2 protein chains.
Amino acid sequence: MTKKVGIESIAYYIPDNYKSNFNFKEEFEIDDYFIVEKIGVKRVSQKLATEDTSDLCIKAWESLRQNSAIEKEEIDCVIVVTQNPDNNIPHVSAKVHEALDLKENCACFDISLGCSGFVYALSVIESFIETNNFKKGLLFTADPYSKIIDRKDKNTALLFGDAAAVTVVGQKPIFCSGKYTFGTIGKMHKELICNNSLLYMNGRSIFDFVARYIPKDMNLLLEKNEMRMDSIDLFLFHQGSKYIIDTLVKRLKISAEKAPFLANEYGNTVSSTIPIMLSDFLDNHAYTNIVICGFGVGLSWSSCVLKRVINNK
Amino acid sequence: MTKKVGIESIAYYIPDNYKSNFNFKEEFEIDDYFIVEKIGVKRVSQKLATEDTSDLCIKAWESLRQNSAIEKEEIDCVIVVTQNPDNNIPHVSAKVHEALDLKENCACFDISLGCSGFVYALSVIESFIETNNFKKGLLFTADPYSKIIDRKDKNTALLFGDAAAVTVVGQKPIFCSGKYTFGTIGKMHKELICNNSLLYMNGRSIFDFVARYIPKDMNLLLEKNEMRMDSIDLFLFHQGSKYIIDTLVKRLKISAEKAPFLANEYGNTVSSTIPIMLSDFLDNHAYTNIVICGFGVGLSWSSCVLKRVINNK
């Protein structure tokens with residue numbers, strides 16, 4: 001029986017280049033209340049024009065290397081989650097493989113998913129590693145929406161920030177996942193779509209989708225894992241907007257502290273949202289059971305309970 | 001312990017619309033020998049301009065439904081392997097989910113890989129199904145290179161055909177996989193790349209890559225699976241060209257019958273190449289152990305031994 005693998009560490013990169021939403025109050029006819037309380041995003045991070053998706057991944061990797069020793073020889077697979085690759089061919093993970101100078105017997109592929117992508121890909125990489133008896137894998141998320149944002153579209157221009165994260169998954173985990181839930185409402189796929197290199201999002205439809213499916217999904221998730229709502233220390237929901245998080249808090253009747261909105265200073269970084277938040281809780285032993293829940297493009301969602309591994313050394 | 005899953009059935013769709021390579025002899029200054037013996041491709045299949053990647057998947061699904069009963073309720077996940085999606089956002093699998101009218105609790109995502117994609121994705125979907133205790137999954141491959149072919153480029157225009165395949169993976173397998181091998185040479189990623197929507201392929205580099213890495217990989221694969229070359233009944237290599245297959249036959253010292261070139265009438269259909277070939281051998285009990293081996297974009301490769309399941313009913 002293969003050993004259960006899980007999250008060993010996380011690092012991320014947020015470009016130190018921001019657009020303040022307060023500068024767009026006149027253009028979009030919005031006020032401070034809308035910025036601070038409704039969407040919750042004061043500014044969005046934005047990559048340089050010279051940075052491509054693989055560059056963001058490489059910077060997340062450099063951040064990882066500053067804080068943890070990792071043997072390249074142990075990296076048996078690399079997954080990059082993105083819908084904004086450098087090129088359609090090849091996959092970004094092949095470019096990352098070159099830049100990181102990884103070994104030849106390393107499996108690299110990209111997964112195309114949006115805001116639910118981290119949770120899906122975590123299940124994919126865990127099972128792929130376990131079945132193939134790998135030591136470690138790198139799960140990158142990097143989906144710079146600045147490539148496709150229509151800067152005149154209030155529905156998206158104020159929300160999405162650029163970032164990348166890298167999650168090390170292996171046999172010495174800090175957190176292991178319980179059972180997952182997954183869902184797709186394919187008939188709603190046009191509510192969040194990129195045509196002719198421009199993003200379109202029907203914010204109202206996405207909100208209705210989240211309000212309808214995510215509370216139900218939380219109940220199913222807890223049931224599958226034989227847990228109760230009050231045994232969860234933290235809910236890290238995808239940070240679509242502060243209003244979405246506030247709504248989930250109300251519907252689930254949980255305290256706002258248990259489901260924080262943390263994207264104020266950089267925005268909705270798509271599939272990097274959850275690993276960026278999660279990285280801050282990895283070493284905080286006050287948090288034993290953490291739910292992560294992503295939702296978005298597809299439309300789709302996925303959730304799981306992460307359980308802290310005690311005495312894994 | 002979850003039951004080992006494997007391939008239950010395969011169906012495919014090749015557009016009934018062909019370009020004969022014999023019509024390009026003058027333009028490309030080539031002769032019959034080059035067409036028949038060197039590349040081996042007499043004609044390439046081409047989708048209609050009105051067909052998109054998801055449409056090819058849907059037609060493969062319709063073909064599947066003609067020959068096998070499958071309960072939609074049992075389909076717990078859908079993966080589409082492509083680097084030429086309908087749109088970058090959303091993933092093609094979400095559109096397929098809508099068209100097939102699948103259930104809400106169905107996990108859908110795309111994998112970005114080229115000619116090695118079927119083998120990688122087979123490992124991914126098998127492990128994803130087993131870990132999540134799913135019943136069945138659909139693995140689609142659909143990568144219509146006609147979208148990106150430069151029709152004036154002899155290196156690609158005569159080779160690539162359009163097609164899609166769907167492979168049902170579940171708990172009543174005809175073939176189960178043994179251990180896999182994977183590899184990536186990221187520093188060669190520019191040898192097969194799409195820039196500004198046009199494909200570039202350095203045929204010579206790809207050939208050298210295959211000749212250098214694939215024979216070695218075959219030896220590693222057999223070693224990992226504790227098998228000998230002569231216990232393999234069939235080698236289904238990615239059909240890059242007849243010349244590549246001929247070279248592998250020579251280097252591996254196997255008979256040409258054991259490693260056939262079968263793409264004469266439709267061309268190199270990228271990640272659909274292997275499932276299209278494999279579908280013809282599923283019910284032929286003369287074949288017990290089949291090696292599948294894909295190689296291409298990345299550059300990358302993956303191989304596994306498929307073993308026939310006896311008495312699985």
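Calculation notes
- Residues numbered from 1 in each chain as written.
- Chains lettered and ligands numbered in written order.
- Predicted model: local features only at pLDDT ≥ 70, side-chain atom pairs only at ≥ 80, totals over all residues.
- Contact = placed C-beta atoms within 7 Å.
- Helix = DSSP H or I, 4+ residues; strand = E, 2+ residues; numbered from the N terminus.
- Nonpolar A, V, L, I, M, F, W, Y, C, P; charged D, E, K, R; others polar.
- Pairing = 2+ DSSP bridges.
- Domains from an automatic or database assignment.
- Least-squares fit on C-alpha atoms with pLDDT ≥ 70 in both.
- Buried ≥ 20, exposed ≤ 12 C-beta atoms within 10 Å, placed from the backbone.
- Axes fitted to C-alpha atoms, helices over the stretch in contact; angles between N-to-C directions.
- Parallel < 35°, antiparallel > 145°, perpendicular 65-115°, else oblique.
- Left-handed = near helix turned anticlockwise from the far one by under 90°.

Facing 48 residues of chain A, the contacting portion of chain B comprises 47 residues. Broken down by secondary-structure element, the contributors of at least two residues to the side of chain A that touches chain B are helix H3 (92-100), strand E5 (107-112), helix H4 (117-131), strand E8 (175-184) and strand E9 (192-195) of chain A. Among the elements that make up the side of chain A that touches chain B, the one with the highest residue count is H4(A) (eight residues). Classifying every residue of the side of chain A that touches chain B gives 21 nonpolar, 20 polar and seven charged. The pairing of E5(A) with strand E5 (residues 107-112) of chain B spans three bridges and is antiparallel. For A:Ser112, the partnering residue across the bridge sits in E5(B) and is B:Asp110.

All right, on to the domain arrangement of chain A then. Residue and element names in this part refer to chain A. The assigned domain composition of chain A is domain 1 (6-170) and domain 2 (175-308). With centres defined by C-alpha atoms, the gap from domain 1 to domain 2 works out at 17 Å. Taken together, the contact pairs 46 residues of domain 1 with 45 residues of domain 2. Those elements giving two or more residues to the side of domain 1 that touches domain 2 turn out to be strand E1 (6-13), helix H1 (32-39), strand E3 (43-45), H4, strand E6 (136-142), helix H5 (154-157) and strand E7 (164-170). In terms of residue count, H4 provides more of the side of domain 1 that touches domain 2 than any other element does, seven residues in total. For the side of domain 1 that touches domain 2, the residue count by class is 24 nonpolar, 14 polar and eight charged.

Quick look at unusual backbone geometry now. All names here are of chain A. Following Ile-89, the chain continues to Pro-90 via a peptide bond in cis, the omega torsion being 0°. Its location among the elements puts Pro-90 in the loop between strand E4 (75-81) and H3. With phi around 65°, Ser-197 is a residue other than glycine that occupies positive phi space. With respect to the secondary-structure elements, Ser-197 resides in the loop between E9 and strand E10 (198-201).

With an axial shift of 0.0 Å and an RMSD of 0.0 Å, the rotation relating chain A to chain B amounts to 180°. Taken together, the turn and the small shift mark the pair as related by a two-fold rotation axis. Ranked by how close their C-alpha atoms come to the rotation axis, the residues of chain A are headed by A:Ile111, at 2.3 Å. A symmetric contact is evident, with 98% of the interface residues of chain A recurring at the interface of chain B.

Working note: regular strand, side chains alternate between the two faces of the sheet. Residues and elements named next belong to chain A. Most of E8 is tucked away: seven of the 10 residues are buried. Taken together, the eight bridges between E8 and strand E13 (residues 300-308) define a ladder with antiparallel strand orientation. Residue Tyr-180 lies in a different strand from E13, and its bridge partner there is Cys-304.

Burial analysis of helix H4 (residues 92-100) of chain B places eight of its nine residues in the buried class, the great majority of the element. Considered for burial, the residues of H4(B) that qualify are B:Val92, B:Ser93, B:Ala94, B:Lys95, B:Val96, B:His97, B:Glu98 and B:Leu100. Those residues of H4(B) that are buried lie in contact with E8 and E13 of chain A together with helix H3 (53-67), strand E4 (75-81), E5 and strand E6 (136-142) of chain B. Note on H4(B): the residue one or two positions beyond its end, B:Asp101, has a positive phi of about 55°.

Helix-helix packing is described using two parameters, namely the angle between the two axes and the distance between the axes. All names here are of chain A. For the pair helix H2 (residues 53-67) and H3, the least separation of the axes is 9 Å and the interaxial angle reads 45°. Put simply, H2 runs oblique to H3. In this structure, H2 meets H3 at a crossing whose hand is right-handed. Across the interface between the two elements, Thr-53, Ser-54, Cys-57, Ile-58 and Trp-61 of H2 pack against Val-92, Lys-95, Val-96, Ala-99 and Leu-100 of H3.

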